[in-house]
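# Summary of structural features
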Amino acid sequence: MKKIFFSLTTVFSISAFSQNFTQAYQNRVNEISQTNINTTLTEFANLGVKKTGSVSNNNAFAWLKTKYLSFGYTEGEISENAFLYQGNTTKNLIITKTGTTYPNTFVIVCGHYDTITGPGVNDNGSGVSLILEMARILKEVPTEYSIKFINFTGEEQGLLGSQNYVNTVVNSTSPKMDIKLVFNIDQVGGVAGQVNNTITCERDTSNPSSNNAASNTITQQLMNCVTLYSPLQTNLSYAYASDYMPFQSNNEVITGIYEYNESTKPHTTGDTYVNMDPVFVYNVGKAALGAVQYFATADTNALSTVDCPPEKMLESLKIYPNPANDFIQIEMINSNLIDFSFTIVDLNGRTLLQTKNEKRINISKLSSGLYLGTMTVEDQKVTKKIMIKK
Ligand SMILES: [Zn+2]
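Residues numbered from 1 in each chain as written. Predicted model: local features only at pLDDT ≥ 70, side-chain atom pairs only at ≥ 80, totals over all residues. Heavy atoms only, no water.

Under an unreviewed UniProt entry, the name given to the protein is M28 family peptidase, and the organism recorded is Kaistella flava.

### Quick word on the coordination of the zinc ion
Each protein donor to the zinc ion is listed here as His112 (NE2), Asp123 (OD), Asp186 (OD) and Asp186 (OD); together their distances run 1.9 to 2.7 Å. Every donor counted, the four donor atoms about the zinc ion form angles of 52 to 148° at the centre, which fits irregular coordination. In primary-sequence terms, the residues that donate to the zinc ion follow H-x10-D-x62-D. Taken together, the residues span a long stretch of sequence, with Asp123 in helix α5 (residues 121-138) and Asp186 in the loop between β5 (178-185) and β6 (198-203) at a distance of 63 residues. The buried category is assigned to Asp123, whose relative accessible area is 5%. (Donors = N, O, S within 2.8 Å, 3.2 Å for Na, K, Ca; no water. Tetrahedral: all angles 85-135°; square planar, octahedral: opposite > 155°, others 65-115°. Helix = DSSP H or I, 4+ residues; strand = E, 2+ residues; numbered from the N terminus. Buried < 20%, exposed > 50% of the residue type's maximum accessible area, 1.4 Å probe, protein only.)

### A few points about the nonpolar core
Ranked by size, the top nonpolar core spans 63 residues in total, and within it Tyr68, Val109, Phe149, Phe183, Ile185, Ile199 and Ile257 carry the most contacts. The dominant element in this core, judged by the number of residues it contributes, is helix α9 (residues 278-295), at 10 residues. With 22 residues, the next largest nonpolar core counts Met313, Leu314, Met332 and Val377 among its residues. (Core = buried A, V, L, I, M, F, W, Y, C linked by side-chain atoms within 4.5 Å.)

### Considerations on a nonpolar patch on the surface
A contiguous nonpolar patch, built from Leu347, Leu370 and Met387 and spanning about 260 Å² of accessible area, is present on the exposed surface. Accessibility expressed as a relative area gives 57% for Leu347, which makes it exposed. (Patch = residues over 30% accessible without salt bridge, like charges linked within 9 Å, V, L, I, M, F, W, Y side chains within 5 Å. Areas by Shrake-Rupley, 256 points an atom, 1.4 Å probe, with all protein chains shown as cover. Salt bridge = Lys/Arg side-chain N within 4 Å of Asp/Glu carboxyl O.)

### Observations concerning the UniProt feature "domain: Peptidase M28" (unreviewed entry) in the protein
Under the present numbering, the feature "domain: Peptidase M28" (unreviewed entry) in UniProt falls on residues 92-289. In the segment residues 92-289, helix accounts for 32% and strand for 26%; the C-alpha atoms at its two ends are 22 Å apart. (UniProt positions renumbered as here; feature names shortened; annotations may be inferred.)

### Section: the domain arrangement of the protein
In many reports, interface size means the accessible area that the parts give up when they come together. Parsing the protein into structural domains produces domain 1 (2-295) and domain 2 (310-388). Averaged C-alpha coordinates put domain 1 and domain 2 at centres separated by 33 Å. Taken together, the 11 residues of domain 1 in the interface contact nine residues of domain 2. Interface area, domain 1 with domain 2, both sides summed: about 810 Å², of which 46% is carbon and sulfur. On the domain 1 side of the contact with domain 2, Glu31, Leu69 and Glu140 bury the most area, a combined 49% of that side's loss. Summed over the shared surface of domain 1 and domain 2, the number is one salt bridge. Where domain 1 meets domain 2, there are two residue pairs in polar contact (both at pLDDT 80 or more). Those elements that place two or more of their residues in the side of domain 1 that touches domain 2 are α4 (55-70) and α5. A breakdown of the residues in the side of domain 1 that touches domain 2 according to their chemical character gives four nonpolar, three polar and four charged. (Domains from an automatic or database assignment. Contact = heavy atoms within 4.5 Å. Buried area = accessible area lost by both parts, 1.4 Å probe. Polar contact = N/O pair within 3.5 Å; in protein donor to acceptor, adjacent residues only side chain to side chain. Nonpolar A, V, L, I, M, F, W, Y, C, P; charged D, E, K, R; others polar.)

### Section: the sheet that holds strand β8 (residues 254-259)
Strand pairing in a sheet takes place through backbone hydrogen bonds and is either antiparallel or parallel in direction. Read across the sheet, eight strands follow the order β1-β2-β4-β3-β5-β8-β6-β7 without closing on themselves; strand pairing throughout is mixed. The outermost strands of the open sheet, each flanked by one partner alone, are β1 (78-85) and β7 (233-238). When the angles between neighbouring strand axes are averaged without regard to direction, this sheet yields 25°. Examined bridge by bridge, β6 and β7 share six bridges and lie parallel to one another. Along β7, the bridge assignment pairs Cys201 with Leu236. Of the strands in this sheet, β1, β2 (88-97), β4 (145-152) and β5 touch helix α6 (residues 160-170), which is tilted by about 115° from β1. (Pairing = 2+ DSSP bridges. Axes fitted to C-alpha atoms, helices over the stretch in contact; angles between N-to-C directions.)

### Describing the pattern of salt bridges
Across all of its chains, the model carries 11 salt bridges by this definition. One salt bridge connects Glu43 with Lys67, and the closest N-O pair in it is separated by 2.8 Å. Residue Glu43 is found in helix α3 (residues 34-46), and its partner Lys67 is found in helix α4; the two are separated by 24 residues along the sequence. Glu43 sits in the partly exposed class, given a relative accessible area of 28%. On the accessibility criterion, Lys67 (18% relative accessible area) is buried. Measuring nitrogen to oxygen at the nearest pair gives 2.8 Å for the salt bridge that ties Arg136 to Glu133. Residue Arg136 and its partner Glu133 are located together in helix α5, separated by three residues, close to a single helical turn. Judged by its relative accessible area of 15%, Arg136 is buried. Judged by relative accessible area, Glu133 falls into the buried class, the value being 3%. Among the charged side chains, a network of salt bridges with common partners joins Lys65, Glu75, Glu80 and Lys91.

### So, the side chain of Glu331
Along the polypeptide, Glu331 turns up in strand β10 (residues 327-331). By relative accessible area, Glu331 is classed as buried at 18%. Among the polar contacts listed, one links the side chain of Glu331 to the side chain of Tyr320, at a separation of 2.7 Å. In contact with Glu331, not counting residues within four places along its chain, are Lys139, Glu140, Ser316, Leu317, Lys318 and Tyr320.

### A look at the environment of Gln248
In this structure, Gln248 sits in helix α8 (residues 245-249). Classification of Gln248 as buried rests on a relative accessible area of 1%. Along the primary structure Gln248 and Asp204 are separated by 44 residues, whereas in three dimensions their C-alpha atoms are 7.5 Å apart. Sequence-distant contacts of Gln248, defined by excluding residues within four places in its chain, comprise Asp204, Ser206, Asn207, Pro208, Asn211, Asn212 and Ile254.

This is the structure:
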């Protein structure tokens with residue numbers, strides 16, 4: 001019965017909410033890296049049991065922040081939302097990417113990074129790895145709506161981080177934060193040894209019911225994106241017991257994804273890399289990035305390496321802050337698609353630093369003074385002055 005009901009719903013959705021395939025969205029979806037996902041999951045495992053308020057929990061927060069900085073997000077785009085849990089400080093991490101047309105309307109993409117009892121590689125290292133990949137790939141992509149990528153803490157103790165965020169940020173801003181939708185990613189790791197080819201998409205069926213129809217609509221859109229941009233099949237279910245619920249209670253429009261083959265390992269020491277399916281995470285990432293681009297109305301005329309040659313990339317080069325102290329940030333269109341290298345020389349022509357494909361460059365070892373930074377893309381170069389002030 002369940003299956004028949006779901007497939008009828010899907011058929012209905014295709015005619016009711018037709019969505020077109022967008023090649024630019026698929027190009028970015030194709031940038032999702034299985035290697036990056038595997039690396040993130042391994043590092044997440046190595047951080048141990050990230051129980052809310054513990055040292056490991058704070059270490060995971062710092063590790064996450066370093067990741068976003070390495071993608072080129074600035075301190076100004078990163079904020080923290082702290083609260084006390086059993087006398088210890090724990091923090092939500094929020095990355096804001098400002099929209100081009102609706103800067104004050106937000107698409108929230110969220111998942112928790114805290115774990116309980118075990119390393120939580122599936123619950124919710126899987127979601128963490130995808131939020132990171134999406135933030136990396138979308139860094140230089142214009143979106144009409146603003147996006148907030150949020151890594152919540154305190155989920156395992158009863159959605160404490162997301163509830164704190166709703167209370168102290170969403171409802172405490174004047175006017176109240178305008179949220180287009182909340183897209184939650186929790187436990188999308190699948191089960192090792194099983195055929196993980198289906199993702200559960202969750203709509204709001206709880207009270208208050210005034211936001212349920214809108215949730216149904218965006219969940220149908222999410223399911224269409226799963227079909228358009230990933231090899232996965234969809235299963236429609238209902239939202240419960242994760243970080244979208246405090247938003248739901250606040251009358252926001254929510255949707256979410258959760259594994260269809262449900263692992264028995266979460267909240268045990270067995271929630272490890274070997275007990276999940278990293279390829280499933282990769283495929284879920286394709287679906288999720290397709291959906292986030294659709295929800296935030298990402299630019300559909302993405303430049304490719306063909307129509308953005310090296311000289312055009314170099315024209316767009318920005319290096320900041322200037323003067324700089326301990327790091328510089330590199331910004332350049334298409335920098336995810338093509339190799340680049342950066343060299344810093346002093347005024348005597350001595351090479352002091354050389355990096356490859358790095359957008360945040362540590363210059364803490366260089367003393368105050370004037371330097372020359374040269375960006376190289378293929379056989380093209382551009383040189384800019386860099387002032388370092390300690
Ligand atoms: Zn979870």
